Amino acid sequence: MKKQIKVNKVGILERLEKDIVLGAEGYVFELEKRGYIKAGPYIPEVVLDFPEAVTELHREFYRAGSEVMVALTYYASRNQLQTLGRENELEKLNRQAVRIANKTAKEYGGLVAGNISNTWMYDSSNKEASTKIVRKMYQEQLKWASEEGVDFVISETNDFLEEALIALEVIKEFGLPAMVTLASVQKDKTRDGYDYVEACKILEANGADIVGLNCDRGPATMFPIIEKIRQQVSCSVAMQPVPFRTSQKYLTFESMQQNGKGAYPIALEPFQLDRFAMAAFAKKAKQIGVNYIGGCCGNTPAYTRAMAEALGRTVTASRYSPAIELHPMAKEERRKKDTEFVDDWQLV
């Protein structure tokens with residue numbers, strides 16, 4: 001019988017004190033591409049129907065350098081599951097998602113993050129009633145997550161600061177470290193009218209351990225806001241952009257158009273960044289003092305590995321990092337022999 005070795009896990013806050021933490025998200029987009037999640041509702045039914053697919057993606061992100069296994073409970077709230085008539089499986093889905101993340105984390109030594117997100121139920125014109133609804137949804141999700149065992153909680157893609165504050169309060173009720181990040185679909189303010197920088201300051205003042213932005217914007221249009229956030233808060237800052245070529249014309253990937261038609265969410269390939277751009281993002285994020293770096297919708301293990309290696313890390317998947325010099329058409333003897341074909345091969 002193999003003897004089990006007990007390892008003292010280093011928590012998220014301790015890791016952040018020592019170095020940058022590299023995370024990885026984008027689960028729903030990647031699993032949709034693999035045929036396990038329906039685009040549109042983006043509800044993680046895969047947790048119930050094909051749990052092995054979730055385990056595999058956790059494993060791939062770990063091998064690529066992610067230190068955090070994020071439980072796939074994004075959009076796994078009561079109202080979302082009602083959309084597909086599966087609200088009776090709400091508890092089972094939430095618990096199973098955390099169990100899957102824990103299994104991978106124990107196998108490889110990573111952290112497990114519980115996950116809650118924007119609910120689409122908060123209504124700033126009806127605060128009292130909608131706050132009760134949202135709070136109850138967060139409480140039940142985090143009750144199950146805490147019972148299954150998580151190291152911290154990520155509340156993400158928050159369109160409303162007020163909804164983010166509800167999430168933060170509930171996370172603190174469970175005594176867990178809180179990473180709270182905002183969506184940034186609007187130009188410079190949350191849906192309830194708070195400047196993104198000011199919103200992060202308010203979150204820090206209310207006890208958030210990590211604040212920042214995730215999703216919606218690519219590195220080019222997220223950096224200007226993140227730089228200001230970094231200057232204005234004392235806590236750790238998270239930056240998890242989407243790997244797309246956003247610009248002043250298209251601030252977010254939701255606003256992108258191709259041939260006069262909207263590209264979001266399933267016609268975004270022409271706007272995809274390459275791995276070198278995501279590596280450059282990680283380097284710049286480190287330079288400006290970002291503490292938690294990752295990718296969001298559209299992220300892949302290849303991007304995560306590129307970011308890890310840009311941060312100077314050798315990860316499990318680095319064994320298979322590109323070696324273009326070994327391609328037959330990169331070798332000098334082949335190039336001399338096939339002189340007339342050399343210009344047809346423009347290798348990186």
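The coordinates are above.
Every value quoted in this text rests on a predicted model; they were computed, and no experiment measured them.

What follows is about the overall build of the protein. Regarding its fold elements, the protein presents 13 helices and 10 strands. Taking 2.2 N^0.38 as the reference for a compact globule, 348 residues should give roughly 20 Å; the C-alpha atoms of the protein span a radius of gyration of 21 Å, in line with that estimate. For the protein, the proportion of its 348 residues judged to be buried stands at 53%. A fraction of 73% describes how many contacts in the protein between residues 6 or more apart in sequence connect residues 24 or more apart. Just so you have it, the protein exposes about 16500 Å², and 49% of that area is on carbon and sulfur atoms. When the 46 basic and 47 acidic side-chain charges of the protein are each reduced to a single mean position, those positions are 4 Å apart.

Formed by 110 residues in total, the largest nonpolar core has its most connected members in Phe152, Leu203, Ile229, Phe253, Tyr292 and Ile293. For this core, the element with the most residues is helix α8 (residues 161-173), which contributes eight residues. When near neighbours in sequence (up to four residues on either side) are disregarded, Phe152 contacts Ile12, Val68, Leu111, Val112, Ala113, Gly114, Pro177, Met179 and Tyr292.

Moving on, we get to the sheet that holds strand β7 (residues 236-240). Think of a sheet as strands paired side by side through backbone hydrogen bonds, with each pair either parallel or antiparallel. Judged by pairing direction, the sheet is parallel, and its eight strands sit side by side in the order β1-β10-β7-β6-β5-β4-β3-β2 without closing on themselves. Every interior strand has two partners, whereas the edge strands, β1 (21-22) and β2 (68-70), have only one. The pairing of β7 with strand β10 (residues 292-293) spans two bridges and is parallel. Residue Ala238 lies in a different strand from β10, and its bridge partner there is Tyr292. The strands that helix α7 (residues 127-148) touches are β3 (111-117) and β4 (152-158); relative to β3, the one it contacts most, it runs at about 160°.

Contact pair α7 / α8: the axes reach a minimum separation of 9 Å and the direction vectors enclose 40°. Relative to α8, the element α7 is oriented oblique. Crossing geometry of α7 relative to α8 is assigned as right-handed. Between α7 and α8, the contacting residues are Lys127, Thr131, Val134, Arg135, Tyr138, Gln139 and Leu142 on the first element and Glu162, Glu163, Ile166, Ala167, Glu169, Val170, Ile171 and Glu173 on the second. In terms of residue class, the contact of α7 with α8 is built from seven nonpolar, two polar and six charged.

Together, Phe276, Ile324, Phe341, Trp345, Leu347 and Val348 make up a nonpolar patch on the protein surface, roughly 610 Å² of accessible area in all. The topology assignment puts Trp345 in the segment after α13 (332-337).

Reading guide: rules and limits
Residues numbered from 1 in each chain as written. Predicted model: local features only at pLDDT ≥ 70, side-chain atom pairs only at ≥ 80, totals over all residues. Heavy atoms only, no water. Helix = DSSP H or I, 4+ residues; strand = E, 2+ residues; numbered from the N terminus. Rg over C-alpha atoms; globule rule 2.2 N^0.38 Å. Buried < 20%, exposed > 50% of the residue type's maximum accessible area, 1.4 Å probe, protein only. Contact = heavy atoms within 4.5 Å. Areas by Shrake-Rupley, 256 points an atom, 1.4 Å probe, with all protein chains shown as cover. Lys, Arg positive; Asp, Glu negative; His and termini not counted. Charge placed at Lys NZ, Arg CZ, Asp CG, Glu CD. Core = buried A, V, L, I, M, F, W, Y, C linked by side-chain atoms within 4.5 Å. Pairing = 2+ DSSP bridges. Axes fitted to C-alpha atoms, helices over the stretch in contact; angles between N-to-C directions. Parallel < 35°, antiparallel > 145°, perpendicular 65-115°, else oblique. Left-handed = near helix turned anticlockwise from the far one by under 90°. Nonpolar A, V, L, I, M, F, W, Y, C, P; charged D, E, K, R; others polar. Patch = residues over 30% accessible without salt bridge, like charges linked within 9 Å, V, L, I, M, F, W, Y side chains within 5 Å. Salt bridge = Lys/Arg side-chain N within 4 Å of Asp/Glu carboxyl O.

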